[in-house]
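# Commentary on secondary and tertiary structure
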Amino acid sequence: MLKEVLLGLLTGAVALTVGILLGHFAINKGTSEPEWVQDASQDVDEGIITKLLEELDNIQIQENLRELTKVPHMATTPGDEATVEFMLKRWRDPKTGLDNAWREDYNVYLSFPNKANPNKVTVVDPSDKVLFTVREREKAYYPEQDDPEVVQPYAAYSPAGHAKGKLVYANQGKMSDYALLNATVDLRGTIAITRYGGEGRSGKAINAEKFGVVGVLVYTDPNDINDGISDESKTYPNSWYLPPSGVERGSYNIDFGDLLTPYLAAKEDTYRIPKEKIRGIPPIPTQPIGFEDAYALICELDGSDAPAAWQGGFNCTYKFGGPGFQSTSAFNSSDVQLNIYNSEEIKPSANVMGIIRGSVEPDRYVIYGNHRDSWVHGAIDPSSGTAVMLEITRVLGTMVKEGKWRPRRSIIFGSWGAEEFGLIGSAEYTEEYFSKLSERTVAYINVDISVFANATLRASGSPSTQGVLFTASKQVRAPGTTASVYDNWIKYYNRSSPNYGLIPNVGFLTGAGSDYAPFIHYLGITSMDISYYYDRSQTKARIYPAYHTAYDTFDYSSKYIDPGFTSHQAVARTAGNVLVRLADSLLLPLNCSDYGESLEQYLDEAVKAFEAKLTNNGISIASLKNAVQLFRKSATKLDAVIRDSNLKKETPLKARRINDQLMLLDRAFLDPLAFPEKYAFRHVIWASKSSEVPTFPGLADAVEKAERTGLKADWEQAHKHLSIVTQAIAGAAHTLDDVI
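What this report covers is the structure whose coordinates are included nearby. Given the structure is predicted, the values throughout are model-derived calculations rather than measurements.

Criteria and cut-off values
- Each residue is numbered by its place in its chain's sequence as written, counting from 1.
- For a predicted model such as this one, the threshold for reporting local features is a pLDDT of at least 70, and the threshold for listing and counting side-chain atom pairs is 80 or more; totals across whole chains, interfaces and linings nevertheless cover every residue.
- Values reported for side chains reflect all heavy atoms of the structure, with hydrogen atoms and water molecules removed beforehand.
- Secondary structure elements are defined from DSSP: runs of H or I of at least 4 residues count as helices, runs of E of at least 2 residues count as strands, and each element is numbered from the N terminus.
- Only C-alpha atoms enter the radius of gyration; for comparison, a globular chain is expected to reach 2.2 Å times N to the power 0.38, where N is the number of residues.
- Each residue is assigned to one of three classes by its accessible area relative to the maximum for its type, calculated with a 1.4 Å probe on protein chains only: buried under 20%, partly exposed between the two thresholds, exposed over 50%.
- In these tables, accessible area is a Shrake-Rupley quantity obtained with a 1.4 Å probe, and a residue counts as shielded only by the protein chains included in the view.
- Here the positive residues are Lys and Arg and the negative ones are Asp and Glu; neither His nor the chain ends is included.
- Just so you know, the charge point we use is NZ for Lys, CZ for Arg, CG for Asp and CD for Glu.
- Only rings of Phe, Tyr and Trp enter the pairing, Trp through its six-membered ring, and a pair is recorded when the two centres are within 6.5 Å. The plane angle decides the type: under 30 degrees is stacked, over 60 is edge-to-face, the rest tilted.
- Here an axis means a line fitted to C-alpha atoms, over the contact stretch when the element is a helix, while the angle between two N-to-C directions is reported on a 0 to 180 degree scale.
- In what follows, roughly perpendicular refers to angles from 65 to 115 degrees, roughly parallel to angles under 35, roughly antiparallel to angles over 145, and oblique to any angle outside these ranges.
- Take the far helix as your reference; a near helix turned counterclockwise from it by less than a right angle gives a left-handed crossing, and one turned clockwise gives a right-handed crossing.
- Only heavy atoms enter the contact rule, under which two residues are in contact if any of them lie within 4.5 Å.
- Put simply, Ala, Val, Leu, Ile, Met, Phe, Trp, Tyr, Cys and Pro go in the nonpolar bin, Asp, Glu, Lys and Arg in the charged bin, and everything else, Gly too, in the polar bin.
- Any carboxyl oxygen of Asp or Glu that lies within 4 Å of a side-chain nitrogen of Lys or Arg is treated as forming a salt bridge with it.
- Side-chain atoms alone can form a polar contact between residues adjacent in sequence; in general such a contact is a pair of N or O atoms within 3.5 Å, and within protein one must be able to donate a hydrogen while the other accepts it.
- DSSP calls a pair of strands paired once it identifies at least 2 bridges connecting them.
- For this analysis, a nonpolar core means a set of buried residues of the types Ala, Val, Leu, Ile, Met, Phe, Trp, Tyr and Cys, connected via side-chain atoms within 4.5 Å.

Before going further, it helps to examine the overall build of the chain. Each helix and strand in the chain was counted, giving 22 helices and 20 strands. Here the chain has a C-alpha radius of gyration of 30 Å; the compact-globule value for 740 residues is 27 Å, and the two agree. Overall, the chain is about 140 × 65 × 55 Å in size when its C-alpha atoms are taken along their principal axes. Counting all 740 residues of the chain, 58% fall into the buried class. A total accessible area of about 29200 Å² is found for the chain, and carbon and sulfur atoms account for 53% of it. Taken together, the 75 basic and 92 acidic charged side chains of the chain have centroids lying 3 Å from each other.

Evaluated as defined, the whole model comprises 44 aromatic pairs. Relative to Tyr 551, the ring of Tyr 141 has its centre 5.7 Å away and its plane inclined at 50°; by these criteria the two rings are tilted. One end of the pair, Tyr 141, is in the loop between β3 (130-133) and α6 (143-146); the other, Tyr 551, is in the loop between β20 (527-533) and α16 (554-561), with 410 residues separating them in the sequence. Considering the side-chain rings of Tyr 236 and Tyr 560, the 6.2 Å spacing of their centres and the 85° angle between planes classify their relative orientation as edge-to-face. One end of the pair, Tyr 236, is in the loop between α9 (222-225) and β9 (250-251); the other, Tyr 560, is in helix α16, with 324 residues separating them in the sequence.

Before going further, it helps to spend a moment on the packing of helix α21 (residues 697-709) against helix α22 (residues 712-735). Orientation of α21 relative to α22, taken along the N-to-C sense of each, is 165°, at an axis distance of 8 Å. One way to sum up the angle between α21 and α22 is to call them roughly antiparallel. Regarding α21 and α22, the two cross each other, and that crossing is left-handed. Of α22, the residues touching α21 (which contributes Gly 698, Leu 699, Ala 702, Val 703, Lys 705, Ala 706, Glu 707 and Thr 709) are Asp 714, Trp 715, Gln 717, Ala 718, His 721 and Leu 722. For the contact of α21 with α22, the per-class residue count stands at seven nonpolar, four polar and three charged.

On to the environment of Thr 220, then. Within the fold, Thr 220 resides in the loop between β8 (215-219) and α9. As for Thr 220 and Phe 631, which are separated by 411 residues in sequence, their C-alpha atoms are 44 Å apart.

Attention now moves to the side chain of Asp 666. In this fold, Asp 666 is placed in the loop between α20 (652-663) and α21. Despite its burial, Asp 666 pairs with no opposite charge, the nearest such side chain being Arg 667 at 6.3 Å. Side-chain polar atoms of Asp 666 contact the side chain of His 683, separated by 2.8 Å. Here Asp 666 is in contact with Ser 462, Ile 520, Gly 524, Thr 526, Tyr 595, His 683 and Trp 686, once residues within four sequence places are set aside.

All right, on to the sheet that holds strand β6 (residues 167-169) then. Reading across from one edge, β6-β7-β8-β10 is the order of the four strands in this open sheet, with parallel pairing throughout. Every other strand in the sheet has two partners, leaving β6 and β10 (286-288) as the edge strands with one partner each. Within the sheet, the average angular offset between the axes of one strand and its neighbour, ignoring direction, is 25°. The pairing of strand β7 (residues 191-195) with β8 spans five bridges and is classified as parallel. For Thr 194, the partnering residue across the bridge sits in β8 and is Val 218. With respect to the sheet, helix α8 (residues 201-210) is in contact with β7, β8 and β10, its orientation differing from that of β8 by roughly 145°.

Let's shift gears to the pattern of salt bridges. Note that side chains of opposite charge can pair when their charged atoms are close. The tally for this structure, following the rule as stated, stands at 44 salt bridges. Residue Glu 136 is joined to Lys 120 by a salt bridge in which the shortest nitrogen-to-oxygen separation is 2.5 Å. Of this pair, Glu 136 sits in the loop between β3 and α6 while Lys 120 sits in strand β2 (residues 120-124), placing them 16 residues apart in sequence. The exposure class of Glu 136 is partly exposed, given its relative accessible area of 25%. What makes Lys 120 partly exposed here is its relative accessible area of 32%. Taken together, the salt bridges that share partners define one network made up of Glu 361, Asp 363, Arg 364, Arg 408, Arg 409, Arg 656 and Asp 660.

What follows concerns the nonpolar core. Among the nonpolar cores identified, the biggest contains 203 residues, and Phe 413, Phe 631, Phe 669 and Ile 729 are the most heavily contacted of them. A total of ten residues in this core trace back to one element, the largest contributor, which is α22. Beyond its immediate stretch of four places on either side in the chain, Phe 669 contacts Tyr 595, Leu 599, Phe 631, Arg 682, His 683, Val 684, Ile 685, Ala 728, Ile 729 and Ala 732.

On to the sheet that holds strand β1 (residues 100-112), then. One open sheet accounts for eight strands, arranged β1-β12-β14-β13-β15-β20-β16-β19; its pairing is mixed. Taken across any chain shown, the strands that pair with only one partner, and hence form the sheet edges, are β1 and β19 (506-507). Judged from the three bridges that link them, strand β15 (residues 441-446) and β20 form a sheet pairing that is parallel. Opposite Tyr 444, over in β20, you have Ser 527 as the bridge partner. Packed onto the sheet, helix α11 (residues 383-401) meets β12 (343-356), β13 (361-371) and β14 (409-416) and runs at close to 150° relative to β13. This element, helix α14 (residues 485-492), spans β16 (456-461), β19 and β20 of the sheet and lies at about 80° to β16.

Another point: α8. Counting buried positions along α8 gives eight out of ten residues, so the element sits mostly inside the fold. Looking at α8, one finds that the buried residues are Arg 201, Ser 202, Gly 203, Lys 204, Ala 205, Ile 206, Asn 207 and Ala 208. Where α8 is buried, its residues contact α7 (175-182), β7, β8, β9 and β10. One or two residues past the end of α8 sits Gly 212, with phi positive at roughly 90°.

That is the geometry; function is a separate question.
Take a look at the structure:
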């Protein structure tokens, strides 16, 4: 009996075990897997990108621009504040807005002309009788130019003061220009007239003061902006060319950020340096004028003929100046007088911010930004970019509000204030806020002037962004063609790559040309700048002709820059595509091997230009070559890890780790001590430089200075900069390794 009982129990146990096993494997476990596992493997949805491209509408962009340009909106003016409120209203819309939108207020140091006492430039005879007066305002062709809020042309941050002297022509106001001129003419006590280009705005006056010049005029030469055209009947409103009275306004300062609060956010209670310690602004009175007035002055000058490279678009021979005017001129023996009444004020300015929160990695950020303020109506600079950004946020915001999409990572949108005064990319906000987030920010996308003209895409960026820019541009049709934006781009701007063959050229973000500057140069955030550009074979214009003038209006943009706004739409589609891929891809679409190719390109240039000179001074470049080779080796190894991984089926920590390596690559090139003389430039690969050799900036400038002086101390500095860039590249290579 006992045996039968035991046998029965054993049989029952076996049956139960079999039943449990059968049940376990037979039952469909369905979603018993934790939800976070599915979320962690979320990847970019091509269907969302297709919908985004379909929904981005050129007419919506057109109407955005029409609204943004109704009134002038220079920083801190009522028009600017109205634009702040407009941005907030759009981003808080319950149906199309973002998850949250807010404003950040600052108190910034700005420079303005005196409305009651405008700046004046005159020609006066020995008895101070006025013989000629430069225009105080641009000629009005439409009511927009007559708006009382159109600011008089002026040089922001030029000091107030009165300067009088004989006139000389100093070309572009470079140090070399003044040196050449000074060899012929005694520049002490003179007024110099210079043309835009070749040297930064403030540099023209800073350089002049070193030679004893007491005042500076700046104008835009027809050769540089109008393809030589100066006939008013052939300029705006009859074409895109600058009218003779048009004047390019601008901020005449070198350093970006608030000038009184370097490296600090310009809040009400922030410490401010004394005004006397501000650097990089004109030390002498400076004023921009139109080319019709420049013609009246330059073509009357006496003295030797200026070099061929100094000649411009006027139908006269440009001369140095005697100093002063020809004996046969009505201005004979006369002086040019500048009466400048600018003043500086600390005024409130705001950044407008908005966010779409990420669903999986809300602590990782993609930033998309554009500055908001303009010198006058600013249809192209900057409102073309703002109009595009508003359309992207409308489409993405609608998807979020309707529950159809939410990005993997968070997206921050920024509408920066006071950029035209040098607060580019809102340096104040990057110092206060994004510096804390920089280790968690994937990339910064800058679309400032979205459309210069309607020929082709043009993009610049960190080399690692090349691939995602190509992917996005291949999915967008170029306006007016059957080709993709990519195929159209390669036709106008291309280069030969040792890895890919002929490809579109993605420029480098050297210098501080736009809102990306604090993000890439100060914070080391991978960045890019996207716009539509003109056909360089059709015009020599250094920028679109109405730049920073009272003619940069909705009418100008809609007639001559982008009729139909299809180029704006192409930029929106390309930039929006890039944005979604950066925010939604499981693995960031950044390529470190493309960075390696750019470093190799820079190395080749350094070897050609400087290796022999360094060797002759006992300095070997071998360590730099080894560092670049190490970077390539590490990048290739990481590429293999990515290629051999199936990240959807592996621990999400692996994807996170690789993404951190890709995301933090540009940070590895930061050295806060590399450029003590350059404000906020810490990126040793892309910092600004004076050298024309396309290579590592610190090394290039140091070697060329040592060549000029021959001093042992300067060759030591060249060696130092060689070590700085070598160790930065080697350090960046090590960040691409799996583990130490």
